[in-house]
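So you can see what is in the structure, the chains are spelled out below.
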Amino acid sequence: QKEVEQDPGPLSVPEGAIVSLNCTYSNSAFQYFMWYRQYSRKGPELLMYTYSSGNKEDGRFTAQVDKSSKYISLFIRDSQPSDSATYLCAMSDPFSGGGADGLTFGKGTHLIIQP
Amino acid sequence: KAGVTQTPRYLIKTRGQQVTLSCSPISGHRSVSWYQQTPGQGLQFLFEYFSETQRNKGNFPGRFSGRQFSNSRSEMNVSTLELGDSALYLCASSLRVSTEAFFGQGTRLTVV
């Protein structure tokens, strides 16, 4: 079983729709949760990060973490064609004994917003 | 504020050669980590440095190594290159170990 599962898509939605992206994970020690956006041939861009459970909102983006279900989500409201990209979830346990193990990434969901 | 800078952006090397990639982190960030990204495996953690000390290392062979300098700049080295080492190598910097990280544009390495 992979540590972080993410549907690769592609996920195609019309412009203006609400997009829901999700990841599940198996390591209950993860404490930090991040969402990145990656355009083709570019490095990942940090969109949101949260510590432990709860919701966080930033403009059109909302991140949710449910540690009891080991499930995280990213919602994009009023989606735009410029949101078309690959979205990667990442998580980490910075407090593990002996040193943390970096960020563990999902494989990414390819999102297409149709004009 | 300048972002994470990686050089070079593109490299073509021959099997058996070695390569050194460079990374300059965001000013004030003392943690630098390296990742390998391939279509099949996605983003995989190589290693992380904080204040010139390697804090952790991913599941990669010893041919992959790195170091961090006193100004937080970092280099990674791959020796005896193999065709399978062709990938996008990404550097990221952060304020603290294994927390939200900011990535550079990557170095695309092609081994022929």
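Before reading further, recall that the structure is shown in the block above.
Model, not experiment: these values are computed from the prediction.

What follows concerns the nonpolar core. Counting residues in hydrophobic clusters, the biggest one holds 23 residues, and the most contacted among them are W35(A), I72(A), L74(A), I76(A), Y87(A) and M91(A). Mapped onto this core, the elements with two or more residues apiece are strand 3 (19-25), strand 4 (32-38), strand 5 (45-51), strand 7 (61-66), strand 8 (71-76), strand 9 (85-92) and strand 11 (109-114) of chain A. If we skip the residues at most four places from it in the chain, L74(A) touches V19(A), S20(A), L21(A), W35(A), L47(A), M48(A), F61(A), T62(A), A63(A) and Y87(A). Residues V4(B), L11(B), V32(B) and Y49(B) belong to the second largest nonpolar core, which totals 21 residues.

Turning our eyes to something else, we now look at the side chain of T38(B). Residues and elements named next belong to chain B. The topology assignment puts T38 in strand 4 (residues 31-38). In this structure the side chain of T38 is engaged in a polar contact, spanning 3.2 Å, whose partner is the backbone nitrogen of Q41. Ignoring any residue separated from it by four or fewer positions in sequence, one finds T38 in contact with S86 and A87.

Okay, the sheet that holds strand 8 of chain A next. Taken together, the 5 strands give an open sheet; going across it, the order is 1-3-8-7-6 (chain A), and neighbouring strands pair in antiparallel fashion. Each edge of the sheet is formed by a strand with only one pairing partner; in this case those strands are strand 1 (4-5) and strand 6 (54-58) of chain A.

Residue P10(A) follows G9(A) across a cis peptide bond; omega there is 10°. Among the secondary structure elements, P10(A) is positioned in the loop between strand 1 and strand 2 (11-14). Look at the link from T7(B) to P8(B): it is a cis peptide, with omega at -10°. Note that P8(B) resides in the loop between strand 1 (5-7) and strand 2 (10-13). Phi angles above zero are rare outside glycine, and R41(A) is one such case at about 65°.

Taken together, the 25 residues of chain B in the interface contact 21 residues of chain A. Buried area between chain B and chain A, both sides added, is near 1,800 Å², and the carbon and sulfur share of it is 54%. Considering only the surface of chain B that becomes buried against chain A, L43(B), S98(B) and E100(B) emerge as the three largest contributors, covering 28% of it. Here chain B and chain A share 0 salt bridges between them. For the side of chain B that touches chain A, the secondary-structure elements that each account for two or more residues are strand 4, strand 5 (42-50), strand 6 (53-57), strand 9 (87-94) and strand 10 (102-103) of chain B. Ranked by the residues each element gives to the side of chain B that touches chain A, the list is headed by strand 5 of chain B, at 4 residues. Its residues assigned to classes, the side of chain B that touches chain A shows 10 nonpolar, 9 polar and 6 charged.

Close approach of charged atoms lets side chains of opposite charge pair. With the rule as written, the count across this model stands at 9 salt bridges over all chains. The residue R73(B) makes a salt bridge to E75(B) at a minimum N-O spacing of 3.5 Å. Taking relative accessible area as the criterion, R73(B) reaches 25% and is therefore assigned partly exposed. Put simply, R96(B) and E100(B) hold a salt bridge, and the shortest N to O gap is 3.2 Å. A residue is classified by how much of its surface remains accessible, and R96(B), at 41% relative accessible area, is partly exposed. Members of the salt-bridge network, linked through shared partners, are R37(A), E45(A), R60(A) and D83(A).

With that settled, consider the pairing of strand 7 (residues 64-68) of chain B. Residues and elements named next belong to chain B. Pairing of strand 7 with strand 8 (residues 74-78), which is carried by 5 bridges, proceeds in the antiparallel orientation. Pairing of G66 across the sheet is with M76, part of strand 8. In this structure, the hairpin formed by strand 7 and strand 8 is closed by a connection of 5 residues, where S72 is found at a positive phi of approximately 75°.

Thresholds applied
Residues numbered from 1 in each chain as written. Chains lettered and ligands numbered in written order. Predicted model: local features only at pLDDT ≥ 70, side-chain atom pairs only at ≥ 80, totals over all residues. Heavy atoms only, no water. Core = buried A, V, L, I, M, F, W, Y, C linked by side-chain atoms within 4.5 Å. Buried < 20%, exposed > 50% of the residue type's maximum accessible area, 1.4 Å probe, protein only. Helix = DSSP H or I, 4+ residues; strand = E, 2+ residues; numbered from the N terminus. Contact = heavy atoms within 4.5 Å. Polar contact = N/O pair within 3.5 Å; in protein donor to acceptor, adjacent residues only side chain to side chain. Pairing = 2+ DSSP bridges. Buried area = accessible area lost by both parts, 1.4 Å probe. Salt bridge = Lys/Arg side-chain N within 4 Å of Asp/Glu carboxyl O. Nonpolar A, V, L, I, M, F, W, Y, C, P; charged D, E, K, R; others polar.

Function cannot be read off these values alone, since they describe shape.
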